Amino acid sequence: MASSDASTNVHDHGKAVDGKKQRVRCNYCEKEMSGFFRLKYHLGGVRGEVIPCEKVSEDVKELFRSKLQERGRLCKEVRGLFQRDLPWKRNGCPNKNVAKKMRCQSSESSGSESGEYENTDSMSEDDLKEPAILPHIRIVSQSAVTGDPKEESLSKQNKKCIGRFFFETGIDFKVVNSPSFQRMINDTHCPVQTKYKIPSCQELKGWILKDEEKEMQEYVKKIRQSWSNTGCSILLDGWIDEKGRNLVSFIVDCPQGPIYLHSSDVSASVDDINTLQLLLDRVIDEVGVENVVQIIAFSTMGWVGAVGKAFMNRCKTVFWTVNASHCIELMLEKIAMMGEIRGTLEKAKTISKFIHGHATILNLLRDYTDGYDLIKPTKIRPVMPFVTLENFISEKKNLLAMFASSEWNTSTWSSRAEGKRVAELVRDTSFWKGAGMVVKIALPLVCVLCLINGDDKPHMGYIYETIDQVKETIKEECNSKKSQYMPFWKVIDEIWDGDLHSPLHAAGYFFNPSLFYSTDFQSDSEVTFGLLCCVVRMIQNQPIQDKILQQLDAYRHSKGAFGEGSTVQERTKFSPAMWWFQYGGQYPELQRFATRILSQTCVGASKYRLNRSLAEKLLTRGRDGIEQQLLSDLTFVHYNLQLQQQHSKLSLNSDIVADEIDPMDEWIVDDTPEFESQNGDSASKELESAKGAVNGERPFFQVKEESRQV
């Protein structure tokens with residue numbers, strides 16, 4: 001019988017010898033074996049753990065050998081274990097059961113119907129270059145086979161690195177089961193490391209999380225030990241989630257770094273100030289009342305604003321302050337709403353929405369600006385209008401050139417009412433004059449935000465003087481005309497006096513040697529009151545209060561080591577807190593007092609921009625105790641890893657510029673009805689044709705049709 005005539009049904013070449021078909025007898029040599037799958041290998045002459053049939057005809061043998069060759073390919077690791085014409089044997093394997101188990105797993109993964117593999121004679125060159133995708137075999141660690149302690153340690157460390165990535169980012173643990181994730185991990189390692197063991201979900205939830213939590217507890221313990229020397233600030237991070245719940249996270253900040261304590265749902269207590277006060281009391285006790293210098297609130301509104309008003313009377317040793325970044329943002333928001341300022345920003349917004357709202361106009365602009373956009377996205381929303389307006393000014397020549405170009409003048413957009421209006425705005429000298437004035441007024445406040453949000457250094461010694469400098473700069477930009485600068489001063493003073501200013505700021509100004517020993521230092525009544533207020537609240541021991549007041553005289557008159565440190569070179573060489581460490585040793589009580597004030601931040605939790613989703617999940621009820629504890633441990637590790645990373649980034653002087661523009665931002669999306677699509681497509685094509693004509697070539701890309709309704 002020809003090969004093409006032989007039956008492809010393996011049941012025609014053997015028969016079951018028992019009812020369950022677990023034993024099969026070959027029709028040619030009458031040899032028995034386990035199952036019809038092994039019979040295929042027996043008939044095809046493929047050696048493994050089955051002996052080839054010696055009596056089967058060549059056409060039947062060739063038929064089943066060809067069928068076996070069509071099955072899935074073997075992975076590189078498994079192929080390397082085969083030797084030609086020998087039964088399967090895992091050399092160096094601890095025992096036969098392990099080999100069988102791994103063969104079975106490999107078979108299931110590759111889609112093979114058999115527990116064995118085809119003969120290596122049937123492999124092509126392409127098979128050797130491109131192994132089958134068997135992630136769970138490819139990533140087996142060498143220690144699984146060799147038992148090498150060094151390999152086991154390396155495998156464990158690799159798993160912990162992957163675990164830390166999951167804990168820090170908050171990604172679902174099930175991602176480890178994704179073939180794409182497994183290929184990504186394996187393909188990014190050099191060939192000698194391809195046997196990479198990826199942790200399972202159970203390992204991530206188990207020993208890896210426990211190890212990471214243990215390490216994080218040690219890290220937190222070291223941070224806590226520094227609080228007795230430098231003091232610390234409790235930062236409140238509050239928000240309302242999609243379910244309408246009022247949630248708050250507690251972060252403790254100090255020069256050594258921030259740590260996450262826990263989160264709470266205060267929805268049931270937002271109208272009960274006493275309950276909220278008790279919550280804060282418990283947090284202060286947890287940190288240690290002797291360590292806490294201040295609590296920094298995230299806002300002046302809502303429940304936190306109500307608590308703040310009563311806090312200072314209830315807690316006599318801790319200050320209540322408001323996030324300096326939030327307060328300066330409020331200043332910018334109020335300035336943006338002032339008459340002429342608002343009008344100028346609206347004109348700039350009109351230009352921006354027209355250009356960014358039409359792809360062809362935006363592409364034309366980029367031709368003139370070397371690919372740059374007009375909008376400058378920022379991490380702090382109130383800053384964006386002002387830095388964008390500043391960018392308008394820097395691109396003024398390019399904007400004027402674009403609207404004077406032949407590409408623009410020969411396009412349909414130039415004859416439309418909207419296009420004419422925008423072109424007239426760009427050519428309007430009064431717009432540019434107003435834009436320049438807005439930038440001069442707002443830029444000093446923007447610079448302060450960049451300063452306090454852009455690094456990890458405490459700014460308690462500078463915030464008082466910095467706000468005064470902002471006001472003086474605005475005054476100079478207004479040519480000292482009171483009618484011009486006073487409206488802006490009024491906005492700044494209103495928020496400074498009502499929300500931002502704390503006695504700590506005045507005391508920080510006093511204890512900053514780079515300012516105190518300068519010729520223009522001014523110790524007015526506000527500074528004196530702030531200093532004395534800090535002495536009374538922070539120092540409960542009367543004899544120590546008296547010593548501090550006596551030692552202040554040495555600081556004022558540059559006595560002892562203070563004299564050496566008062567030179568310009570020395571007082572600007574160190575940070576204020578470090579200066580006191582270097583030169584304040586002769587006066588330990590005053591040194592400790594000044595250091596604790598200067599070591600505090602004036603910025604709240606917004607500086608760290610934590611992802612709040614895991615806290616929201618933790619505060620959602622319905623889990624059993626074990627799962628809740630697991631999520632609590634994960635939340636603790638997650639936020640402290642994020643804080644570590646954010647603190648490290650700040651030490652590298654990160655700025656407030658964002659990477660991406662929100663496509664739904666009000667500077668891009670027009671809230672007015674779209675223009676009719678009747679002429680939209682032709683206008684787009686005309687402008688592209690004009691660009692092609694000027695360049696002497698046809699456009700090389702197809703512009704998206706902008707006005708078509710989807």
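Keep in mind that this is a model prediction, so the values were computed, not measured.

Conventions used here
- Residues numbered from 1 in each chain as written.
- Predicted model: local features only at pLDDT ≥ 70, side-chain atom pairs only at ≥ 80, totals over all residues.
- Heavy atoms only, no water.
- Helix = DSSP H or I, 4+ residues; strand = E, 2+ residues; numbered from the N terminus.
- Contact = heavy atoms within 4.5 Å.
- Polar contact = N/O pair within 3.5 Å; in protein donor to acceptor, adjacent residues only side chain to side chain.
- Core = buried A, V, L, I, M, F, W, Y, C linked by side-chain atoms within 4.5 Å.
- Buried < 20%, exposed > 50% of the residue type's maximum accessible area, 1.4 Å probe, protein only.
- Arc of directions from axis to C-beta.
- Phe/Tyr/Trp six-rings, centres within 6.5 Å; stacked < 30°, edge-to-face > 60°.
- 1 Å grid on protein atoms, 1.4 Å probe; cavity = no way out; pocket = protein on both sides within 12 Å on 5 of 7 lines; lining within 4 Å.
- Points joined across faces, edges and corners; volume = space filled by probe spheres on them.
- Axes fitted to C-alpha atoms, helices over the stretch in contact; angles between N-to-C directions.
- Parallel < 35°, antiparallel > 145°, perpendicular 65-115°, else oblique.
- Left-handed = near helix turned anticlockwise from the far one by under 90°.
- Nonpolar A, V, L, I, M, F, W, Y, C, P; charged D, E, K, R; others polar.
- Pairing = 2+ DSSP bridges.
- pLDDT = per-residue confidence, 0-100.

### Let's talk about the environment of Ser249
Along the chain, Ser249 turns up in strand 5 (residues 246–253). Considered as a pair, Ser249 and Leu235 are 14 residues apart in the sequence and their alpha carbons are 8.2 Å apart. Setting aside residues no more than four positions away along its own chain, Ser249 makes contact with Leu235, Leu236, Asp237, Trp239, Tyr260, His262, Ser263 and Ala615. Engagement of the side chain of Ser249 in a polar contact is seen with the side chain of Ser263, the distance being 2.7 Å.

### A look at the nonpolar core
Grouped burial of nonpolar side chains is what soluble globular proteins tend to show. Counting residues in each nonpolar core, the largest one holds 102 residues, and the members touching the most others are Ile355, Phe392, Phe511, Tyr555, Leu590 and Phe593. The residues contacting Tyr555, other than those within four sequence positions of it, are Phe510, Phe511, Asn512, Pro513, Phe516, Tyr517, Phe562, Trp579, Trp580 and Leu590. Counting residues in hydrophobic clusters, the runner-up holds 63 residues, among them Val266, Leu276, Val287 and Cys315.

### Here we look at helix 9 (residues 179–187)
If you check which residues of helix 9 are buried, you get Phe181, Gln182, Ile185 and Asn186. Seen from one end, helix 9 has its buried residues packed into an arc of 130°, which puts them on one side.

### A few points about the packing of aromatic side chains
Within the structure shown, the criterion is met by 36 aromatic pairs. Note on Phe166 and Phe173: the rings are 6.3 Å apart at their centroids and 75° apart in plane angle, and the pair reads as edge-to-face. There is no split in this pair, since Phe166 and Phe173 are both buried. Relative to Tyr555, the ring of Tyr517 lies with its centre 5.5 Å away and its plane at 70°, an arrangement referred to as edge-to-face. Placement of the pair is Tyr517 in the loop between helix 24 (513–516) and helix 25 (525–538) and Tyr555 in helix 26 (residues 542–556), with a sequence separation of 38 residues. Given the relative accessible area of 14%, Tyr517 is considered buried.

### As for the environment of Phe529
You can see Phe529 is positioned in helix 25. Overall, the relative accessible area of 55% leaves Phe529 in the exposed class. Along the chain, Phe529 and Pro503 lie 26 residues apart, while their C-alpha atoms are 7.4 Å from each other.

### Some words on empty space enclosed by the protein
Under the criterion given, the structure shown has six cavities of 30 Å³ or more. The space that makes up the largest cavity amounts to roughly 100 Å³. For the largest cavity, the lining is made up of 14 residues, of which Asp253, Cys254, Asp456, Thr601 and Tyr608 are closest to its centre.

### Quick word on the packing of helix 14 (residues 339–356) against helix 19 (residues 417–427)
Running from N to C, helix 14 and helix 19 point in directions that differ by 130°, and their axes come no closer than 10 Å. Between helix 14 and helix 19, the angle is such that the two are oblique. At the point where helix 14 passes helix 19, the crossing takes the left-handed sense. Facing helix 14, whose interface residues are Lys347, Thr350, Ile351 and Phe354, helix 19 presents Glu418, Gly419, Arg421, Val422, Leu425 and Val426. Residues of the contact of helix 14 with helix 19, tallied by class, amount to five nonpolar, two polar and three charged.

### A few points about the sheet that holds strand 6 (residues 259–265)
Either a parallel or an antiparallel arrangement is found when strands of a sheet pair, and the pairing is made through backbone hydrogen bonds. Here we have five strands laid out as an open sheet, ordered 6-5-4-7-8, and mixed in their pairing. Either end of the sheet is taken by a strand with one partner, and the two such strands are strand 6 and strand 8 (319–322). Pairs of neighbouring strands in the sheet enclose a mean axial angle of 25°, with direction left out of account. Sheet topology note: the strand 7 (residues 292–297)/strand 8 ladder contains four bridges and is parallel. Bridging from a neighbouring strand, Ile296 pairs with Thr321 of strand 8. Each of strand 4 (232–240), strand 5, strand 6, strand 7 and strand 8 touches helix 11 (residues 273–287); the most contacted strand, strand 6, lies at about 160° to it.

### A word on unusual backbone geometry
One non-glycine residue, Ser480, adopts positive backbone phi at about 60°. Inspection of the secondary structure puts Ser480 in the loop between helix 21 (463–477) and helix 22 (482–500). In this structure Ser480 comes out as partly exposed when scored by relative accessible area, which is 47%. You will see that Ser558, though not glycine, has its phi angle at about 55°, which is positive. The residue Ser558 is located in the loop between helix 26 and helix 27 (561–565) in this model. When its relative accessible area of 25% is taken as the criterion, Ser558 is described as partly exposed.

### What about the confidence of the model for the protein chain?
In this model, the protein chain carries a mean pLDDT of 81, and residues with pLDDT of at least 70 account for 79%. In this model, residues 673–710 is a region of pLDDT below 50 whose contacts with residues beyond four sequence positions or in other chains number 52 contacts.

### A word on the sheet that holds strand 1 (residues 14–16)
An order of 1-2-3 is seen for the three strands of this open sheet, with the pairing classed as antiparallel. Each end of this open sheet is capped by a strand with a single partner; those strands are strand 1 and strand 3 (32–33). With two bridges joining them, strand 2 (residues 24–26) and strand 3 adopt antiparallel strand pairing. Its bridge partner lying in strand 3, Val24 is registered against Met33.

### Examining the pairing of strand 5
When you tally the buried positions in strand 5, you get eight out of eight residues, the bulk of the element. Residue alternation in strand 5 divides its side chains into two sets, Asn246, Val248, Phe250 and Val252 and Leu247, Ser249, Ile251 and Asp253, and both sets are buried. The sheet contact formed by strand 4 and strand 5 spans eight bridges and is antiparallel. Looking at strand 5, one finds that Trp239 is bridged to Leu247. Hairpin connection of strand 4 to strand 5: five residues between the antiparallel strands, including Gly244 at a positive phi of 85°. Note that strand 5 and strand 6 share six bridges and pair antiparallel. Bridge pairing in strand 6 places Leu247 opposite Asp265. Connecting strand 5 to the next strand, strand 6, in antiparallel fashion are five residues, including Gly257 with a positive phi near 135°.

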